[in-house]
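Analysis of the macromolecular model
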Amino acid sequence: FNVFIHRRVARGKAMDDKKASLERAAHEVFSENGYKDASVSEITRRAGMAVGSFYNYYQSKEEIFLETYVEENEKVRGQLIGEIDWEGKPIDVVDELFDRTLPAVLNNRILAEWNNPAVSRMLHEHYSSESGMADYPFHQFLLDTFRKRLGQEGYEADLTNRILRVYDLIYY
């Protein structure tokens, strides 16, 4: 019985390691080639795996791209959180947010795919879904930060919520 459990644990760890290898390789390939010129065969080659093994972990190139995009977006947005003076004047905070976000996105081959027709619908659907919004730390950070700042400025909760609805128009 213990041998059986040990084998299952070892097999699970090996699968986790292989998936992590695919994730690293996908990040490299998408960063270098963009979505269109990336291929499952190149991702698996860099991961040191057979193409068929890819499908034990992902159903498609789109699926691994979405995962890669979400992780890259979280990383870049997390850096922005650390770089911006969130206690500054509200107009300065908004200006700095836009001034830093645009270059961070456009200069990142993965994040620049947001407007690629081949994947934009999938990305928009993910980030506009209830789970996509709830699991997006940057989105939650912005809502919490602006709600707090508006409260400090004396805005009532109802007006604050109406103002934050504008954020939904530019959210991603």
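These remarks concern the structure in this document. Being a predicted model, the structure only gives us computed values, none of them experimental. (Residues numbered from 1 in each chain as written. Predicted model: local features only at pLDDT ≥ 70, side-chain atom pairs only at ≥ 80, totals over all residues. Heavy atoms only, no water.)

**Describing helix 6 (residues 120–128)**
- All buried positions along helix 6 are accounted for by Ser-120, Leu-123 and Tyr-127. In a view along the axis of helix 6, the buried residues occupy a sector of 65°, so they form one face of it. (Buried < 20%, exposed > 50% of the residue type's maximum accessible area, 1.4 Å probe, protein only. Helix = DSSP H or I, 4+ residues; strand = E, 2+ residues; numbered from the N terminus. Arc of directions from axis to C-beta.)

**A short note on the environment of Pro-137**
- Relative to the assigned elements, Pro-137 resides in helix 8 (residues 137–152).
- Expressed as a C-alpha distance, the spacing of Pro-137 and Arg-77, which sit 60 residues apart in the sequence, is 8.6 Å.

**Looking at a negative patch on the surface**
- A surface patch of like charges, here negative, comprises Asp-85, Asp-92, Asp-95 and Asp-99.
- Tracing the backbone shows Asp-85 in the loop between helix 4 (61–83) and helix 5 (90–106).
- Residue Asp-85 is classed as partly exposed on the basis of its relative accessible area, which comes to 45%. (Patch = residues over 30% accessible without salt bridge, like charges linked within 9 Å, V, L, I, M, F, W, Y side chains within 5 Å. Areas by Shrake-Rupley, 256 points an atom, 1.4 Å probe, with all protein chains shown as cover. Salt bridge = Lys/Arg side-chain N within 4 Å of Asp/Glu carboxyl O. Lys, Arg positive; Asp, Glu negative; His and termini not counted. Charge placed at Lys NZ, Arg CZ, Asp CG, Glu CD.)

**Notes on a nonpolar patch on the surface**
- A cluster of nonpolar residues, Tyr-155, Leu-159 and Ile-163, forms a patch on the protein surface that exposes about 230 Å² of accessible area.
- Judged by relative accessible area, Tyr-155 falls into the partly exposed class, the value being 37%.

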